[in-house]
Amino acid sequence: MDFAAYRSEQGLSLEQCAAALGLSLSSKSWLSEIERGKRDASLRLAIKIERWSQGAVPAESVCSELRVASANDDAPASEAA
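Residues numbered from 1 in each chain as written. Predicted model: local features only at pLDDT ≥ 70, side-chain atom pairs only at ≥ 80, totals over all residues. Heavy atoms only, no water.

A.B. asks: What's the story with helix α1 (residues 3-10) in this structure? I'm lost.
C.D. replies: Within an α-helix, residues lying three or four positions from one another point in the same direction, as the helix has 3.6 residues per turn. Listed in full, the buried residues belonging to α1 are F3, Y6 and R7. Projected onto a plane normal to the axis of α1, the buried residues spread over an arc of 95° and lie on a single side. Opposite the buried face of α1, at more than 90 degrees from it, the exposed residues are S8 and E9. Considering only its buried residues, α1 is in contact with α2 (14-20), α3 (28-35) and α4 (43-52). (Buried < 20%, exposed > 50% of the residue type's maximum accessible area, 1.4 Å probe, protein only. Helix = DSSP H or I, 4+ residues; strand = E, 2+ residues; numbered from the N terminus. Arc of directions from axis to C-beta. Contact = heavy atoms within 4.5 Å.)

If you want it as structure tokens, here you go:
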């Protein structure tokens, strides 16, 4: 499930989501950009989102650094090098 769908399913506003993640309320525009794929979450925030959502939103879905690492893990050894 993606971040926006999870937040919507939970009935949370961006402000409530920011508070639940321990972010300032001014972070709502940043979270909106992450939801829309306009900005990447930091590694730390991506892990927070995954834990907060109890795994429903994989950290890789909001952090390209993790997507690249995951893709390299899935590649055959000759391609990962």
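A.B. asks: Teacher, can you tell me more about the packing of aromatic side chains here?
C.D. replies: In this description, a pair of aromatic rings is defined by centroid distance and the angle of the planes. In this structure the tally under the stated criterion is two aromatic pairs. An angle of 80° between the planes, with centres 6.4 Å apart, marks the rings of F3 and W52 as edge-to-face. Within this pair, whereas F3 is found in helix α1, its partner W52 is found in helix α4, the two being separated by 49 residues in sequence. Residue F3 is classed as buried on the basis of its relative accessible area of 2%. Between the aromatic rings of Y6 and W52, the centroid separation amounts to 5.2 Å while the plane-to-plane angle is 80°, which identifies the pairing as edge-to-face. Here the residue Y6 occupies a position in helix α1, and W52 occupies one in helix α4, the gap between them amounting to 46 residues. Here Y6 falls in the buried class, since its relative accessible area comes to 9%. (Phe/Tyr/Trp six-rings, centres within 6.5 Å; stacked < 30°, edge-to-face > 60°.)

A.B. asks: Honestly, the pattern of salt bridges in this entry has me stumped. Any pointers?
C.D. replies: Where side chains of opposite charge bring their charged atoms close, a pairing between them can arise. Tallied over the full model, the rule gives three salt bridges. Close ionic contact of R7 with E35 constitutes a salt bridge, the shortest N to O distance being 2.5 Å. Pair noted here: R7 is in helix α1 and E35 is in helix α3, with a separation of 28 residues, a long-range link. The residues R7 and E35 share a single accessibility class, namely buried. (Salt bridge = Lys/Arg side-chain N within 4 Å of Asp/Glu carboxyl O.)

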